[in-house]
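Structure at a glance
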Amino acid sequence: MSIEVANISKIYGSQRALNNISFKVNKPEIVGFLGPNGAGKSTMMKILTTYIEASEGQAKVNNFDVNTNQQKVQQSVGYLPEHNPLYLEQYVREYLAFNAQVYGVTKERIEEVIQLTGLTPESHKKIGQLSKGYRQRVGFANALLHNPDVLILDEPTTGLDPNQLVDIRNLIKSIGKEKTVFLSTHIMQEVEAMCDRVIIINKGEIVADKKLKELREGQ
Ligand code: ADP
Ligand code: ADP
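A brief look at the structure comes next. (Residues numbered from 1 in each chain as written. Chains lettered and ligands numbered in written order. Predicted model: local features only at pLDDT ≥ 70, side-chain atom pairs only at ≥ 80, totals over all residues. Heavy atoms only, no water.)

**Digging into the sheet that holds strand E3 (residues 30-34)**
Taking strand neighbours across the sheet as the criterion, the six strands line up as E6-E7-E8-E3-E9-E10 in an open arrangement whose pairing is mixed. Every other strand in the sheet has two partners, leaving strand E6 (77-80) and strand E10 (205-211) as the edge strands with one partner each. Along the sheet, successive strands turn relative to each other by an average axial angle of 15°, direction set aside. In this structure, E3 lies alongside strand E8 (residues 180-185), joined through five bridges in parallel fashion. Note on E8: the bridge partner recorded for Ile30 is Val181. (Pairing = 2+ DSSP bridges. Helix = DSSP H or I, 4+ residues; strand = E, 2+ residues; numbered from the N terminus. Axes fitted to C-alpha atoms, helices over the stretch in contact; angles between N-to-C directions.)

Following this line, the structure appears as structure tokens:
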């Protein structure tokens, strides 16, 4: 099992951002985490990447517990946050080389992820010279550096123009052939375009968990 969430709650002050959430994600599978702004999507994703801790419940990524085995979880997961901090003055390779050092991965792997994410024609440029779609590819390349089994993508297609959108959707679909992809969005069309399954969240609670095939057949 790639992701296993059992009775997770997250309480901020007096507010329950997540209320007793449970779900599982298989491998390989592209799962859309769909819900309006404020539903709790980022909170769930940050728990799965060990960035924050849940108030209650258990979660495992690649069978590693997010509370007790954070290092193994971080090795298993590639994370693309909604607002990926990028330094516009940095060259693409410079940025990736810095993160490669943090993760302890080779120069060859940097070239591999540049190729994998379709960055090759823009890879000699500064990040500030790239379009939003290419900047998003830099985020993907970074998330893939340590060759994780699971990719967690927070609103990966938000704010892209139609051409960039098609390219990034295709990139996600190709990654999803080999890896587990868990992506959040507030747009149903994004789920329809990319996902095998949708988990719908509203006000911190799961309201549906369905295969896209079942949705199309009206079940
Ligand atoms: P989504 O990603 O679906 O837009 P979030 O997980 O960002 O939702 O937020 C869920 C709820 O938790 C929102 O009501 C938000 O205001 C609240 N929230 C998120 N982060 C914090 C925080 N650090 N402190 C207090 N409340 C927070
Ligand atoms: P957002 O703007 O989408 O709410 P944040 O800026 O709060 O997201 O969080 C993004 C940060 O989370 C990253 O810059 C990174 O430092 C950290 N982070 C959390 N988990 C991981 C992980 N597994 N691998 C790498 N970075 C992580």
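Moving on, there is more to tell.
**Thoughts on the side chain of Ser76**
Here Ser76 lies in helix H2 (residues 70-76). What makes Ser76 buried here is its relative accessible area of 6%. Here Ser76 is in contact with Val61, Asn62, Phe64, Pro148, Asp149 and Val150, once residues within four sequence places are set aside. (Buried < 20%, exposed > 50% of the residue type's maximum accessible area, 1.4 Å probe, protein only. Contact = heavy atoms within 4.5 Å.)

**Here's the deal with the environment of Ile8**
Secondary-structure assignment places Ile8 in strand E1 (residues 3-12). Counting along the chain gives 77 residues from Ile8 to Pro85, while the straight-line C-alpha distance between them is 28 Å. Excluding anything up to four places from it in sequence, Ile8 contacts Leu18, Asn19, Asn20, Ile21, Met44, Ile47, Ala54, Glu56, Gly57, Gln58 and Ala59.

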